[in-house]
Amino acid sequence: VGYSYESHSQLYGALSSAALASLDKFEPQTLSTLLWSLARAKALTSQVAPSLGDAAARLASQFSTRDLSICVWSFATAGRMHAPMFDAIGEVAARRIRGAPEEVSTQSIVDMAWAYATLQHSVPA
């Protein structure tokens, strides 16, 4: 028996509602983990993605580079574009990669490149 979002939609609906109600309390890693989880469960819906994307854009400078890549990977996996988040994350990631490339994992680089390419979003110069 395979997993399906539909079989757990009530649970994910309740989790998403609770998350949206307390977004101002989320730490950066908590938000990236939530995004990853929702994307993996096919539950990053059009109802929650805009608010979660806005929160990720606001927190972009506070994320670790790994968490930045998880956020954009999550949206790309769900097929959801949130341009303000992609722009904010792209700017922070580019600055970090230019400033200390040895501190950025190859996995983060690959995940970010895949996410931007998948959603055909321009990478900041």
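(A) A look at the overall build of the chain. Counting its secondary structure elements, the chain contains six helices and zero strands. Relative to a compact globule of 125 residues, whose C-alpha radius of gyration would be 14 Å, the chain shows 14 Å and is just as compact. With the C-alpha coordinates of the chain rotated into their principal frame, the extents come out at 45 × 30 × 20 Å. Burial status across the chain gives 44% buried among its 125 residues. For the chain, the accessible surface area stands at approximately 6,900 Å², while carbon and sulfur atoms represent 54% of it.

(B) Spatial organisation of the nonpolar core. Within the largest apolar cluster, 34 residues are counted, with the highest numbers of intra-cluster contacts made by L31 and L52. Among the elements that line this core, the one with the most residues is helix α5 (residues 83-99), at six residues. Leaving out residues up to four positions away in the same chain, L52 has contacts with L20, L23, L31, L34, L35, L38, L44 and F75.

(C) Local environment of the packing of helix α4 (residues 65-78) against helix α6 (residues 106-118). Packing of α4 against α6 brings their axes to within 8 Å, and their N-to-C directions diverge by 30°. If you check the angle between α4 and α6, you find them roughly parallel. Considering how the two elements wind past one another, α4 and α6 form a crossing that is left-handed. Where α4 approaches α6, its residues T65, R66, S69, V72, W73, A76 and T77 are matched on the opposing element by Q107, S108, D111, M112, W114, A115, Y116 and T118. A breakdown of the residues in the contact of α4 with α6 according to their chemical character gives seven nonpolar, six polar and two charged.

Each value, and the rule that gives it
Residues numbered from 1 in each chain as written. Predicted model: local features only at pLDDT ≥ 70, side-chain atom pairs only at ≥ 80, totals over all residues. Heavy atoms only, no water. Helix = DSSP H or I, 4+ residues; strand = E, 2+ residues; numbered from the N terminus. Rg over C-alpha atoms; globule rule 2.2 N^0.38 Å. Buried < 20%, exposed > 50% of the residue type's maximum accessible area, 1.4 Å probe, protein only. Areas by Shrake-Rupley, 256 points an atom, 1.4 Å probe, with all protein chains shown as cover. Core = buried A, V, L, I, M, F, W, Y, C linked by side-chain atoms within 4.5 Å. Contact = heavy atoms within 4.5 Å. Axes fitted to C-alpha atoms, helices over the stretch in contact; angles between N-to-C directions. Parallel < 35°, antiparallel > 145°, perpendicular 65-115°, else oblique. Left-handed = near helix turned anticlockwise from the far one by under 90°. Nonpolar A, V, L, I, M, F, W, Y, C, P; charged D, E, K, R; others polar.

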